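# Coordinate analysis (summary)
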Amino acid sequence: QVQLVESGGGLVQAGGSLRLSCAASGSFRSINSMGWYRQAPGRQRELVATFGSGGSTNYADSVEGRFTISRDNAKNMVYLQMNSLKPEDTAVYYCKAVGTDVSFPYLPRPYWGQGTQVTVSS
């Protein structure tokens, strides 16, 4: 079983910064991609930033230039540096990995963390 655990969320003033971390652990066989999604009250879950296995990155237009995704492959960690935070960034942020479990080493499938709350006050 692949497990993802997010940390680093909290309350911050507008214009401030937070750094989210996601640790992948458990019986993973391979991780093809990792990224961050978020869901605000009354809204659909949306992509924030992702890595592909080749290292390419993809950002939502709303966070481009403010957020930076990074990773430490040796530690199976992915990070999201969030700068110039805005109240509209308030959401639960979820880590997502696409990969395979050693117990199910067939088709890759998504794994989700439990989320970490980010609240940006005006």
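The structure under discussion appears in the preceding block.
What comes next is a walk through the structure.

Cut-offs used in this document
Residues numbered from 1 in each chain as written. Predicted model: local features only at pLDDT ≥ 70, side-chain atom pairs only at ≥ 80, totals over all residues. Heavy atoms only, no water. Helix = DSSP H or I, 4+ residues; strand = E, 2+ residues; numbered from the N terminus. Core = buried A, V, L, I, M, F, W, Y, C linked by side-chain atoms within 4.5 Å. Buried < 20%, exposed > 50% of the residue type's maximum accessible area, 1.4 Å probe, protein only. Salt bridge = Lys/Arg side-chain N within 4 Å of Asp/Glu carboxyl O. Pairing = 2+ DSSP bridges. 1 Å grid on protein atoms, 1.4 Å probe; cavity = no way out; pocket = protein on both sides within 12 Å on 5 of 7 lines; lining within 4 Å. Points joined across faces, edges and corners; volume = space filled by probe spheres on them. Nonpolar A, V, L, I, M, F, W, Y, C, P; charged D, E, K, R; others polar. Phe/Tyr/Trp six-rings, centres within 6.5 Å; stacked < 30°, edge-to-face > 60°. Lys NZ or Arg CZ within 6 Å of the ring centre and 35° of its normal.

### Thoughts on unusual backbone geometry
Positive phi, normally seen in glycine, also occurs at N76, with a value near 55°. By the element assignment, N76 lies in the loop between β7 (67-72) and β8 (77-82).

### Some words on the nonpolar core
In this structure, L4, W36, L80, M82 and Y93 are the most contacted members of the largest nonpolar core, which totals 29 residues. Of all elements in the fold, only β1 (2-7), β3 (18-26), β4 (28-39), β5 (46-51), β7, β8, β9 (91-101) and β11 (116-121) reach the threshold of two or more residues within this core.

### Points about the pattern of salt bridges
Counted by the stated rule, this structure contains four salt bridges. Put simply, D89 and R38 hold a salt bridge, and the shortest N to O gap is 3.0 Å. Linking D89 in the loop between β8 and β9 with R38 in strand β4, this pair joins segments that are 51 residues apart in sequence. For the pair formed by D89 and R38, the shared burial category is buried. With a closest N to O distance of 3.7 Å, E46 and R43 form a salt bridge. Classification of E46 as partly exposed rests on a relative accessible area of 22%. Salt bridges sharing common partners tie together R38, R43, E46, R66 and D89.

### Quick look at the pairing of β3
Relative to β3, β1 is paired through six bridges, and the arrangement is antiparallel. The partner of V5 across the bridge, within β3, is A23. When β3 meets β8, the two strands line up antiparallel, connected through six bridges. Counted as the bridge partner of L18 is M82 from β8.

### Remarks on the layout of surface pockets
By volume, the largest pocket amounts to about 170 Å³. In terms of lining, the largest pocket is formed by 14 residues, of which the most central are I31, M34, R71, N73 and N76. If you list the elements that add at least two residues to the lining of the largest pocket, you get β4, β7 and β8. A total of five residues in the lining of the largest pocket trace back to one element, the largest contributor, which is β4. Residues belonging to the lining of the largest pocket are distributed by class as follows: six nonpolar, six polar and two charged.

### Section: the packing of aromatic side chains
Scanning all chains against the criterion turns up three aromatic pairs. Pairing Y37 with W112 gives two aromatic rings, centres 5.2 Å apart and planes at 70°, and the pair type is edge-to-face. Residue Y37 is found in strand β4, and its partner W112 is found in strand β10 (residues 104-112); the two are separated by 75 residues along the sequence. Taken together, a centroid distance of 6.4 Å and an interplanar angle of 85° make the contact between Y94 and W112 edge-to-face. Linking Y94 in strand β9 with W112 in strand β10, this pair joins segments that are 18 residues apart in sequence. For Y94, a relative accessible area of 15% corresponds to the buried category. An aromatic cluster is built from Y37, Y94 and W112, whose rings are joined through pairwise contacts. In this arrangement the basic side chain of R19 is found over the ring face of Y79, its NZ or CZ atom lying 4.0 Å from the centre. Directly above the aromatic system of W112 lies the positively charged group of R45, at a separation of 4.6 Å from the ring centroid.

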